[in-house]
Amino acid sequence: MGVLAEIEKNDPEVYGYIKEELLRQQEGLEMIPSENFTSMAVMQASGSILTNKYSEGYPGRRYYGGNEYIDKVESLAIERAKSLFGVPHANVQAYSGSPANLAVYLATCENNDPIMGLYLYDGGHLTHGWKLSITSRFFKSVPYHVKPDGYIDIDEARKLANENKPKLIWIGATAYPRQLPFKEFAAIADEVGAYLAADIAHVAGLVLAGAHESPVKYAHIVTTTTHKTLRGPRGGLIMVTQKGLDKDPDLAQKIDKAIIPGFQGGPHNHQTAAIAVALKEAAKPEFREYGHQIVRNAKALAEGLMANGVKLVSNGTDNHLLLADLTTFGPGAGVFGQDVLEAAGVTANKNTIPGEPSSPFYPSGVRMGTPALTTRGMKEPEMKAIGGIIAEAFNEIKPYSLPKDKDERTEYLKRFREEIRQNKKLAELRTKVRQMCKQFPLYPEMVL
Ligand code: DSN
């Protein structure tokens, strides 16, 4: 019986879409740096009967009865997170990264307090104070930036912190290809008396593997999603460090109270169990090797791309992601970049770049990463080849340029998409990608 036999029987429509999505994942190169392929064990925990239970509260302190085993599962996840990251307190209930970050605000700030985070165009996250996010509606957001070389401008951050006296400073990013400067930001936060929250959603797996510095010595609070380089289910963790407890002995309780009753209701117990499973996997020596291979692969990919004339923000990478600067094809060319890659069987995402000449909706860069390809077993030779494929796909952007007039853009992009569907070069690359993927089978046990 197939793993989705019941869905197949009861809901052929949903079954059909899952089957098609499986094929898409198997036959394409998944290069969105925040995505990964979980183990079957993580998926089984996530699809388990634990989804049936309500458990408002924390282990040993639930509002509803019947939580004997849920308490055990949650305690296991908490203990594993604490021991792996080396922190005295972990909350495993945040539904995902954004709710985790919002709980941090609730625990540390009052309405209208100044807060600081990396500017979105420069790789910062929406929840670090972007103007359209709730975090800038309720707090006074003071963004810091990267320098023209693509590295975070620590001097600017220090100056802004001294001028604005933020209550909370975020160090973390969604599109930053370099090591995060935890130590330098700890000095700034200490100087102005701010809480330092490290959002390591992107690099958590690298931190556990020892392939990126850990923020635990430097930050008061550490947040992460569990589904990116950590390779778990979708979910979030909020951790309080010893430094955090030294600054504020109530910080752990403040975080727990911010999650419930402050912000969420019942935890997603199936998700908690899957997080526990993923954390056990991340404690294995193979995971250490995996994290280092992600970085080696990203560096090899960067070399492959640059050797083929693709410009990268900061000229390379220290972590799992790369940011191609496509401004040579005109402002907003990231939109074309994402689409030509998709036509070639490569999934990556359009992204703003530092000094963005266009807008987040029509940005000028493409973000790509190696966590999912590394999970498939690909290594440096494949990355070099993929660098060539991506560069060849980008060449197909040449005839196109985004109209300045916003009304003309929809029609223009429609025509562009029709043309790239007929593009022979991209079809050729698609075949190459399919052949490469066949050599690195994904979920071979999942015959649908
Ligand atoms: N959507 C995530 C990412 O792709 O980085 C951030 O929330």
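Higher on the page you've got the structure.
Throughout what follows, the structure given in this document is the object of discussion.

Definitions and limits used
- Residues numbered from 1 in each chain as written.
- Predicted model: local features only at pLDDT ≥ 70, side-chain atom pairs only at ≥ 80, totals over all residues.
- Heavy atoms only, no water.
- Near = heavy atom within 4 Å.
- Polar contact = N/O pair within 3.5 Å; in protein donor to acceptor, adjacent residues only side chain to side chain.
- Areas by Shrake-Rupley, 256 points an atom, 1.4 Å probe, with all protein chains shown as cover.
- 1 Å grid on protein atoms, 1.4 Å probe; cavity = no way out; pocket = protein on both sides within 12 Å on 5 of 7 lines; lining within 4 Å.
- Sits in = over half its atoms within 2 Å of the grid points.
- Nonpolar A, V, L, I, M, F, W, Y, C, P; charged D, E, K, R; others polar.
- Points joined across faces, edges and corners; volume = space filled by probe spheres on them.
- Helix = DSSP H or I, 4+ residues; strand = E, 2+ residues; numbered from the N terminus.
- Axes fitted to C-alpha atoms, helices over the stretch in contact; angles between N-to-C directions.
- Parallel < 35°, antiparallel > 145°, perpendicular 65-115°, else oblique.
- Left-handed = near helix turned anticlockwise from the far one by under 90°.
- Contact = heavy atoms within 4.5 Å.
- Pairing = 2+ DSSP bridges.

Okay, the site of the ligand next. Taken together, the neighbourhood of the ligand is formed by Ser34, His125, Thr174, His202, Lys228 and Arg367. Residue histidine 125 places a side-chain N or O atom 2.8 Å away from an oxygen atom belonging to the ligand. Within the side chain of histidine 202, a nitrogen or oxygen atom sits 2.7 Å from an oxygen atom of the ligand. The fraction of the free accessible surface of the ligand (230 Å²) that becomes covered by protein chains is 63%. When each cavity is represented as a set of grid points, the ligand is found to reside in the second largest pocket. Across the shell around the ligand, the residue classes tally to no nonpolar, four polar and two charged.

What follows is about the layout of surface pockets. Taken as a whole, the largest pocket spans an internal volume of roughly 840 Å³. At the level of elements, helix H2 (12-27), helix H3 (40-46) and helix H12 (269-282) are the ones that each hand at least two residues to the lining of the largest pocket. Among the residues forming the lining of the largest pocket, the class breakdown is 12 nonpolar, 11 polar and five charged. Looking at the second largest pocket, its volume works out to about 540 Å³. Together, 26 residues line the second largest pocket, and Asn349, Lys350, Asn351, Pro360 and Pro363 are the ones closest to its centre. Counting residues per element, the ones that place at least two in the lining of the second largest pocket are helix H14 (334-343), strand S13 (349-351) and helix H17 (406-422). Take the lining of the second largest pocket: its biggest share by element is four residues, from H17. In the lining of the second largest pocket, the residues fall into nine nonpolar, 11 polar and six charged.

Two numbers describe how H14 lies on H17: the axes approach to 10 Å, and their chain directions differ by 25°. By the angle between their axes, H14 is roughly parallel relative to H17. Handedness of the H14/H17 crossing: right-handed. In this structure, H14 contributes Val335, Phe336, Asp339, Val340 and Ala343 to the contact, and H17 contributes Tyr412, Leu413, Phe416, Arg417 and Ile420. Residue composition of the contact of H14 with H17, grouped by class: eight nonpolar, no polar and two charged.

H12 packs onto helix H4 (residues 68-85) with a crossing angle of 35° between their chain directions and a minimal axis gap of 9 Å. For the crossing formed where H4 meets H12, the hand is left-handed. Every residue of H12 that contacts H4 at Ile70, Val73, Glu74, Ala77, Arg80, Ala81, Leu84 and Phe85 is listed here: Asn269, Thr272, Ala273, Ala276, Val277, Leu279, Lys280 and Ala282. Broken down by class, the residue content of the contact of H4 with H12 amounts to 11 nonpolar, two polar and three charged.

Let's shift gears to the sheet that holds S13. The three strands lie next to each other as S11-S14-S13, forming an open sheet whose pairing is antiparallel. At either end of the open sheet lies a strand with only one pairing partner, and these are strand S11 (321-325) and S13. Strand-to-strand twist in this sheet, taken as the mean axis angle between neighbours without regard to direction, amounts to 35°. Here three bridges tie S13 to strand S14 (residues 365-369), and the two strands are oriented antiparallel to one another. For lysine 350, the partnering residue across the bridge sits in S14 and is valine 366. The strands touched by H14 within the sheet are S13 and S14, with S14 carrying the most contacts at an inclination of about 45°.

Mapped onto the elements of the fold, alanine 198 is located in strand S8 (residues 195-199). In sequence terms alanine 198 and glutamine 179 are 19 residues apart; their C-alpha atoms lie 12 Å from each other. Setting aside residues up to four positions removed in sequence, alanine 198 forms contacts with Ile171, Phe182, Pro215, Ala219, Ile221, Val222 and Thr223.

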